[in-house]
Each structure stands twice: as C-alpha cells, then as structure tokens.
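Each chain, letter by letter, is given below.
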Amino acid sequence: MTELIKTEIITVNPEAIDQTALARAATVLRRGGLVAFPTETVYGLGAVIYNRESVKKIFTVKGRPGDNPLIVHIYQWEQLMELAREVPETARILAQRFWPGPLTLVLPKKEAIPVEVSAGLPTVAVRLPAHPVAQELLRQTGQPVAAPSANTSGRPSPTRSSHVIADLDGKIELIIDAGPTGVGVESTVLDLTGPKLRILRPGGVTREMLEAVFGPELVEAPPQINCERPLAPGMKYRHYAPRAPLRLLTGDPELVRRFLLEGAAAARAQGKKIGIIAYDEDQDPAFAVTGVTFFSLGRRANPTEGAARLFHLLRLCDQAGVDKIYAVAPPRQGVGEAVFNRLYKAAGGKVEEIK
Ligand code: TXA
Ligand code: MG
C-alpha cells in the first residue's frame, strides 16, 4: 500500500487558459510530482521522463505491469530529435499531416531515455497532443513528459476528471480538470521501424486517414482479433474493463435485438440487472419493460459519437451496478475500429456472432 497524499484539483478552461495555474502544474512535474492532465483523447498521468523515480511511481499508482512502455508527450516537433535516434521522412510527413493530434509514432530510441519509460524496448513512442491545456503544460514544463492514461490499469480510460479522481485521488499530486476530452479513445500507435507503417493500436487517427496519405499498400493494419502475439506490449492485458462481465455481439441487427430481448427477460427472471451498450437504432421499447439500462453510443453512422462516449458508458455501467453487460459491436470503419478494439478487450478478447 502506498501512503495517501493530498491530491490538489485545479480547473482550467481550455478556451481561456490560466497560465499561472499551469505554471504551478509544470513546477509540480519538474519537481518530480505526478500530474493528471487532459489531452484530446483521454486524460494522461504525467511525469518528466528524466525523473526516473517519478516514472516508476506512475507504474505503482496505476498498478501497471512493468513491461508496458509509456508514451512520451512533446509540444513541438524539434523535441523529437532529443528522443528518437532516427527520424525518417515518413515521420516528418505524418507529423505535418496529423500532429498535433491523436497519433503516436514508435521510433528507435536515443540512449538518454530511461529504461523505465521504454520498458526495456529499443524504441520510444512519441506523441504531440492537440489539447491546448496539454500543449501549454508541456511548453511550460519544457521537458518531455511520459504519460499513460490516468486510470487504474485494466479500468476504462478516463475521459473526464471525475474518472481520474475515482481511480487516483490520494495517490498523485495534482489533477487538472478541463472538462470531457473530445476524441474519447486513445491515440493510434504506429510503428515506423519496419518497411511499412504498422498500426499497433487503432485510435483517433484512422487507418483510412493514413491510407489516404500513403496508399493502402504502405499501411499495415493487423487484424486485432485472435492475434497470437500482442502488437503493442500493453495490448496483451485485459483492458478497459468494467466490473461486470461484458459480452460483445455481432450479427444481423434484428437477430441481435431478439437475442438481447431474450437475454433481458431471462436476467429479469433471475433478478439480475442488465446493461446494454448499443446504438440509438438498437433501442427497443421492450427494454424498458424488462428493466434493462440502455447506454447509447449515439448513431451507428457516426462512429465519433460512440468513441467520445464509450469509456464514460463503461464506468456508468459500474455505477448502475449492472450484473452483466451486452455490447453491440460497432462497424469497423473509421474510428469505429478503435471502439471495436476497446470493447473487444473489455470482453476479454472475445466477440460472439449471433445467428
Ligand atoms: O491517447 C493516448 O495515447 C493516451 C494519452 C494520455 O496520450 N495515452 C495512452 O497511454 O493511451 P497508455 O499507456 O494507456 O497506452 C500506451 C500504449 C500501450 O499499449 C503501450 O504498450 C504502447 O502504447 N507503447 C508504448 N511504447 C511503445 C513502444 N516503444 N513500442 C510499442 N508500443 C508501445
Ligand atoms: Mg491506458
């Protein structure tokens, strides 16, 4: 057990940034403290990469396995030269097109990066976030900041400061609250060390967006499901998981709806509470009758809505105290691929086709 400390919470308006508040947060980081801050994807838990003890503390407070490397956050392109041994032309093109934004580049690392950050790998993952609060904090800190998502390992990533507070209050020095994050799923992790661009984790920058720049032949997107070997080290763990068991369902929407209605009726007969995570179009008046709690991912045709809501909904399922969760699989296009991937992990690496 680590000793509890007093966590300070400050609120910053992203449209009118309080420089003084962020200067204080930057000081906490430079002195070796841990600071949770908003990015456009999810909240991150930051430590200056050269403060090895602080980086180690990230692993302790999150309960994160030591073999899972951290993403290094920068605010300007030039900092990449301090981190990466080689910066190929593709990195330049990607940065021009997608930075600042939800894209993480994996490159050969420089010696100076502590092993705690890269978990012993010869590479480093780097991203330049688009959130104005993150950018200003990084600028004032003046040094690269390692930051995983600011949640307890295994729990859904935090898209609001209340999620960070629920997981990390009393364990870190400071939380910067700037309201809900926008994208809602984490950055795309892209490996640049091979002959092709390899998507290790689908995220905010979609495969389609990468293919539009480089052509499909240059972008490698491993299937994500039934993969024997985890792509990014972090992808091998059960992740993003609410407390109740979650089943991920695919198939004809009509068949899935019938399955859900039957499941709901059966659960009711056993006195169990069911949560359903699905699209507006999947809503059925009969759900209310069976006492199901319906959590909407928005419209099926607009995957960004589901991405923005997903992690909050998973936490709401916990708060509602449901015994079982059924989730309807999103179409695997655009950012829907990342939403699918997170639900798949939350389901323990299973997807069931309803026939
Ligand atoms: O959007 C995001 O990326 C958020 C915000 C806070 O920036 N961060 C985030 O960090 O999601 P984390 O630690 O939750 O996930 C980082 C992922 C893990 O799956 C990890 O294994 C992978 O990136 N990763 C980090 N360094 C890597 C490397 N050198 N090679 C391959 N994968 C790496
Ligand atoms: Mg994470």
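What you see is a predicted model; the values in this text were computed from it and never measured. (Residues numbered from 1 in each chain as written. Chains lettered and ligands numbered in written order. Predicted model: local features only at pLDDT ≥ 70, side-chain atom pairs only at ≥ 80, totals over all residues. Heavy atoms only, no water.)

1. A word on the domain arrangement of the protein chain
Next up, step 1: With domains assigned, the protein chain is organised as domain 1 (8-220) and domain 2 (246-354).
Next up, step 2: For domain 1 and domain 2, the distance between their C-alpha centroids amounts to 29 Å.
Next up, step 3: Listed by partner, the interface residues are 22 residues for domain 1 and 15 residues for domain 2.
Next up, step 4: For the pair domain 1 and domain 2, the interface holds three salt bridges.
Next up, step 5: Seen at the junction of domain 1 and domain 2, the total is nine residue pairs in polar contact (both at pLDDT 80 or more).
Next up, step 6: Sort the elements by how many residues they give to the side of domain 1 that touches domain 2 and helix H7 (residues 161-168) lands first, with three residues.
Next up, step 7: A breakdown of the residues in the side of domain 1 that touches domain 2 according to their chemical character gives six nonpolar, ten polar and six charged. (Domains from an automatic or database assignment. Contact = heavy atoms within 4.5 Å. Salt bridge = Lys/Arg side-chain N within 4 Å of Asp/Glu carboxyl O. Polar contact = N/O pair within 3.5 Å; in protein donor to acceptor, adjacent residues only side chain to side chain. Helix = DSSP H or I, 4+ residues; strand = E, 2+ residues; numbered from the N terminus. Nonpolar A, V, L, I, M, F, W, Y, C, P; charged D, E, K, R; others polar.)

2. Remarks on the packing of helix H1 (residues 19-30) against helix H6 (residues 132-141)
Next up, step 1: It is at 8 Å that the axes of H1 and H6 come closest, and there the two elements cross at 55°. Looking at the two axes, H1 sits oblique to H6. By crossing handedness, the relation of H1 to H6 is classed as right-handed. Facing H1, whose interface residues are Gln19, Leu22, Ala23, Ala25, Ala26, Leu29 and Arg30, H6 presents Val133, Glu136, Leu137, Arg139, Gln140 and Thr141.
Next up, step 2: Taken together, the residues of the contact of H1 with H6 sort by class into seven nonpolar, three polar and three charged. (Axes fitted to C-alpha atoms, helices over the stretch in contact; angles between N-to-C directions. Parallel < 35°, antiparallel > 145°, perpendicular 65-115°, else oblique. Left-handed = near helix turned anticlockwise from the far one by under 90°.)

3. Remarks on the sheet that holds strand E16 (residues 352-353)
Next up, step 1: Strand order in the open sheet formed by five strands is E14-E13-E15-E12-E16, and the pairing between neighbours is parallel. The open sheet has two edge strands, strand E14 (293-296) and E16, and neither has a second partner.
Next up, step 2: Here four bridges tie strand E12 (residues 246-250) to strand E15 (residues 324-328), and the two strands are oriented parallel to one another. Looking across to E15, one finds that Leu246 is bridged to Ile325.
Next up, step 3: On the sheet, helix H12 (residues 336-346) packs against E12 and E15 and is oriented at approximately 135° with respect to E12. (Pairing = 2+ DSSP bridges.)

4. A few points about the environment of Gly184
Next up, step 1: Along the chain, Gly184 falls in the loop between strand E8 (174-177) and strand E9 (188-191).
Next up, step 2: Residues Gly184 and Gly251, spaced 67 residues apart in sequence, show a C-alpha to C-alpha distance of 25 Å.
Next up, step 3: Once you skip the residues sitting within four places of it in the chain, Gly184 turns out to touch Glu40, Thr41, Val42, Thr159, Ala307, Ala308 and Phe311.

5. Here we look at the packing of helix H11 (residues 303-320) against H12
Next up, step 1: Two elements in contact, H11 and H12, have axes separated by 8 Å at closest approach and are oriented at 30°. For the crossing formed where H11 meets H12, the hand is left-handed. From H11, Pro303, Gly306, Ala307, Leu310 and Phe311 reach across to H12, where they touch Gly336, Val339, Arg342 and Leu343.
Next up, step 2: Grouping the constituent residues of the contact of H11 with H12 by class yields six nonpolar, two polar and one charged.

6. Some points on the nonpolar core
Most often, soluble globular proteins have nonpolar side chains that are buried together.
Next up, step 1: If you look at the biggest cluster of nonpolar residues, it comprises 63 residues, and the most contacted ones within it are Leu45, Leu94, Trp99, Leu105, Ile176 and Leu190.
Next up, step 2: With five residues, the single largest contributor to this core is H1.
Next up, step 3: Once residues lying within four places of it in the same chain are set aside, the contact partners of Leu190 are Leu94, Leu103, Thr104, Leu105, Val106, Leu197, Arg198, Ile199 and Leu210.
Next up, step 4: In this structure, Tyr240, Ile277, Phe295 and Val322 belong to the second largest nonpolar core, which totals 28 residues. (Core = buried A, V, L, I, M, F, W, Y, C linked by side-chain atoms within 4.5 Å. Buried < 20%, exposed > 50% of the residue type's maximum accessible area, 1.4 Å probe, protein only.)

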